[in-house]
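Fold and contact review
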Amino acid sequence: MVFDPGHADFHGSFTEDGQPNLLLKYLQRQSPEVLTRIARSVSPEIRQIISQNVQGLVGGLPSEDFNVQIATDRDNLAGLLASAMMTGYFLRQMEQRMELEMSLDELV
């Protein structure tokens, strides 16, 4: 499932100082195809790291042995999702940097 900013009910579509959230407006202008392509570009390694990070934040009990249920409020969930997204962006940049360094090493 790909994030669809055009059909989401965003809480806080304005910044803390009351200005419109420009990133949110930018995301809403993107086509579903662009968002799908970006979502598919994430490597399995990044997905694994984000999954482990989120599991660490909410608790790591194995679901096959425990009936784990987590309750939170909207703001805490938004913070968790924002953290996961930022981790993903950071990891993708680091992955690109690693690939670039490896390419440069092959040239030398």
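Higher on the page you've got the structure.
An account of the accompanying structure is given in this report. Since the model is a prediction, treat every value here as computed from it, not as a measurement. (Residues numbered from 1 in each chain as written. Predicted model: local features only at pLDDT ≥ 70, side-chain atom pairs only at ≥ 80, totals over all residues. Heavy atoms only, no water.)

Observations regarding the overall build of the protein
For the record, the criterion: Numbered from the N terminus, helices here are DSSP runs of H or I no shorter than four residues, and strands are runs of E no shorter than two. Here the term buried applies to any residue with accessible area under 20% of the maximum for its type, exposed to any over 50%, and partly exposed to those in between, with areas from a 1.4 Å probe on protein chains only. Residue contacts follow a heavy-atom distance rule, with two residues in contact if any of their heavy atoms lie within 4.5 Å. Accessible surface area values rest on a Shrake-Rupley calculation with a 1.4 Å probe, where residue burial reflects the displayed protein chains alone.
Check the secondary structure of the protein and you find four helices and zero strands. Along the chain direction, N to C, the helices and strands of the protein fall in the order α-α-α-α. In the protein, which comprises 108 residues, the share counted as buried stands at 13%. Restricting the contact set of the protein to residue pairs at least 6 apart, pairs at least 24 apart contribute 57%. A total of about 9,200 Å² of accessible surface is found on the protein, and carbon and sulfur atoms cover 57% of it.

Description of a nonpolar patch on the surface
As a reminder of what qualifies: Exposure above 30% relative accessible area and the absence of a salt bridge qualify a residue for a patch, where like charges join within 9 Å and nonpolar side chains (Val, Leu, Ile, Met, Phe, Trp, Tyr) within 5 Å. Salt bridge criterion: a side-chain nitrogen from Lys or Arg within 4 Å of a carboxyl oxygen from Asp or Glu.
Nonpolar side chains collect at one region of the surface, where Leu-57, Val-58, Leu-61, Phe-66, Val-68 and Ile-70 lie side by side and expose about 530 Å² of accessible area between them. With respect to the helices, strands and loops of the structure, Val-68 is situated in the loop between α3 (44–58) and α4 (74–107). Val-68 gets classed as partly exposed once you look at its relative accessible area, which sits at 38%.

Quick look at the environment of Leu-80
By the secondary structure assignment, Leu-80 is in helix α4. Counting along the chain gives 22 residues from Leu-80 to Val-58, while the straight-line C-alpha distance between them is 8.9 Å. Look past the residues within four positions of Leu-80 in its chain and what remains in contact with it is Val-54, Leu-57 and Val-58.

A look at the environment of Gly-88
Mapped onto the elements of the fold, Gly-88 is located in helix α4. The class of Gly-88 is buried, set by a relative accessible area of 14%. A C-alpha to C-alpha distance of 8.3 Å links Gly-88 and Val-42, two positions 46 residues apart in sequence. Filtering out sequence-adjacent residues up to four positions away, Gly-88 remains in contact with Ile-46 and Ile-50.

What to know about α4
What counts, and what does not: One fewer than the residue count of a helix, multiplied by 1.5 Å, yields its expected span.
Relative to the 50 Å expected for 34 residues at 1.5 Å per residue, α4 spans 50 Å between its end C-alpha atoms, a close match to the ideal helical length. Listed in full, the buried residues belonging to α4 are Leu-80, Ala-84, Thr-87, Gly-88, Leu-91 and Glu-95. Buried positions along α4 lie against α3.

These values are about where atoms sit, not about what they do.
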